[in-house]
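Remarks on the overall topology
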Amino acid sequence: MAAPGALLVMGVSGSGKSTVGALLASELGWKFYDADDYHPKENRMKMEKGIPLNDQDRIPWLCNLHDILLRDVTSGQHVVLACSALKKTYRDILIRGKNGAPLKSGESRKEEKPAEVQFLVVHLSGSFEVISGRLHQRKDHFMPPALLQSQFDTLEPPSPPENFIQISVDKSLSEIVAVIMETLKMK
Ligand SMILES: Nc1ncnc2c1ncn2[C@@H]1O[C@H](COP(=O)(O)OP(=O)(O)O)[C@@H](O)[C@H]1O
Ligand SMILES: O=C(O)[C@H](O)[C@@H](O)[C@H](O)[C@H](O)COP(=O)(O)O
């Protein structure tokens, strides 16, 4: 497989996606996107009220992110995306756009090969206790720590054949970045 032109840093709220993603983008000289900045205001308001998002809330948000990233990568721009991407279907949408979304009953799909964003997926994985502790220390953020349990309940960790690595959030930021840089060199 060709070296990926896109990195997806995923995980539950507070796992370090935004921090790690921004550091990596700066190290690599790639463009950085934080998916939180692309939530419609209805999604933000819902989370602020302590209500977890559902598929209906997330699918248009993910399709929009796919379109933005696809434009970049097809023009040769490498990108880092920090995005919760908790379910396999969500990651499929980030890769393939609405062609990655499950079909509704009665719907059919044209048999053309969709344009894809080839990601290396980096899953930042950790215990509820460690991540909850970090969320409680984080200031000025709209996401209430009380939503963390629903994030763990929704999480489908990546598994083969997804192109992914999993890294423990117990590592330091510099160790996490070093592991990802090493993996990219081997791709
Ligand atoms: N590996 C790490 N070690 C220690 N603290 C971390 C680590 N990764 C992130 N943090 C801290 O944890 C908090 C949550 O990180 P953040 O990047 O906002 O997570 P997310 O974007 O996944 O919600 C921040 O205060 C950040 O500085
Ligand atoms: O899919 C979701 O439910 C949201 O994207 C959520 O996972 C995300 O975590 C929030 O936007 C809060 O932002 P932080 O991840 O930065 O806490």
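One numbering rule holds for all chains: residues counted from 1, following each sequence as written. As a convention, the first chain written is A and the first ligand written is 1, with the rest following in written order. Only residues with pLDDT of 70 or above have their local features reported here, since the model is predicted, and side-chain atom pairs are shown and tallied only from 80 upward, although totals for entire chains, interfaces and linings are computed over all residues.

Condition: UniProt positions are given in the numbering used here, feature names are shortened, and annotations may be inferred rather than shown by experiment.
Naming follows an unreviewed UniProt entry, where the chain appears as Gluconokinase of Urocitellus parryii. Per UniProt, the comment on the chain under Sequence similarities (unreviewed entry) is "Belongs to the gluconokinase GntK/GntV family." Recorded under Catalytic activity (unreviewed entry), the UniProt text for the chain is reproduced unchanged: "D-gluconate + ATP = 6-phospho-D-gluconate + ADP + H(+)".

**As for the nonpolar core**
The test is simple: By convention in this section, buried Ala, Val, Leu, Ile, Met, Phe, Trp, Tyr and Cys residues joined through C-beta atoms within 7 Å make up a nonpolar core. Residues are called buried when their C-beta atom has 20 or more other C-beta atoms within 10 Å, exposed when it has 12 or fewer, and partly exposed otherwise; all C-beta atoms are positioned from the backbone. In DSSP terms, a helix is any run of H or I states spanning at least four residues, a strand is any run of E spanning at least two, and both are numbered starting from the N terminus. A pair of residues counts as a contact when their C-beta atoms, built from backbone coordinates, are within 7 Å of each other.
Leu8, Leu81, Leu94 and Val122 are the most contacted members of the largest nonpolar core, which totals 34 residues. Secondary-structure elements contributing two or more residues to this core are β1 (6–10), α1 (17–28), α3 (55–74), β3 (79–82), α4 (88–96), β4 (119–125) and α7 (173–186). Ignoring anything within four residues of it in the chain, the contact list for Leu8 reads Leu81, Cys83, Ala85, Leu94, Phe119, Val121 and Val122.

**Details of the site of ligand 2**
Stated precisely, the cut-off is as follows: We count a residue as near a molecule or strand when its backbone-placed C-beta atom lies within 6 Å of that partner. Side-chain classes follow a simple rule in which Ala, Val, Leu, Ile, Met, Phe, Trp, Tyr, Cys and Pro form the nonpolar group, Asp, Glu, Lys and Arg form the charged group, and the remainder, Gly included, forms the polar group.
Neighbouring ligand 2 are 13 residues; Ser13, Asp36, Leu53, Ser84 and Met143 lie closest to it. The residue inventory of the shell around ligand 2, partitioned by class, reads four nonpolar, six polar and three charged.

**Quick look at the packing of α3 against α4**
In a pair of packed helices, the angle between the axes and the distance between the axes together describe the arrangement. Put simply, the rule reads: Note on geometry: axes are lines fitted to C-alpha atoms, helical ones only across the stretch in contact, with angles between N-to-C directions running from 0 to 180 degrees. Crossings are classed by handedness, with left-handed meaning an anticlockwise turn of the near helix from the far one by less than a right angle and right-handed meaning a clockwise turn.
Axis separation between α3 and α4 bottoms out at 7 Å; the angle between their running directions is 30 degrees. Here the hand of the crossing between α3 and α4 comes out right-handed. Facing Arg58, Ile59, Leu62, Cys63, Leu65 and His66 of α3, the residues of α4 in contact are Tyr90, Ile93 and Leu94.

**A few points about unusual backbone geometry**
For the bond running from Pro160 to Pro161, omega is 5 degrees, close enough to zero to count as cis. Structurally, Pro161 is set in the loop between α6 (148–154) and β5 (164–168). Although it is not a glycine, Ala85 adopts a positive phi angle of roughly 40 degrees. Position of Ala85 relative to the elements: it lies in the loop between β3 and α4. Accessibility expressed as a C-beta count within 10 Å gives 28 for Ala85, which makes it buried. One non-glycine residue with positive phi stands out, namely Asp140, at about 55 degrees. Here Asp140 lies in the loop between α5 (128–137) and α6. Its 4 C-beta neighbours within 10 Å are what place Asp140 among the exposed residues.

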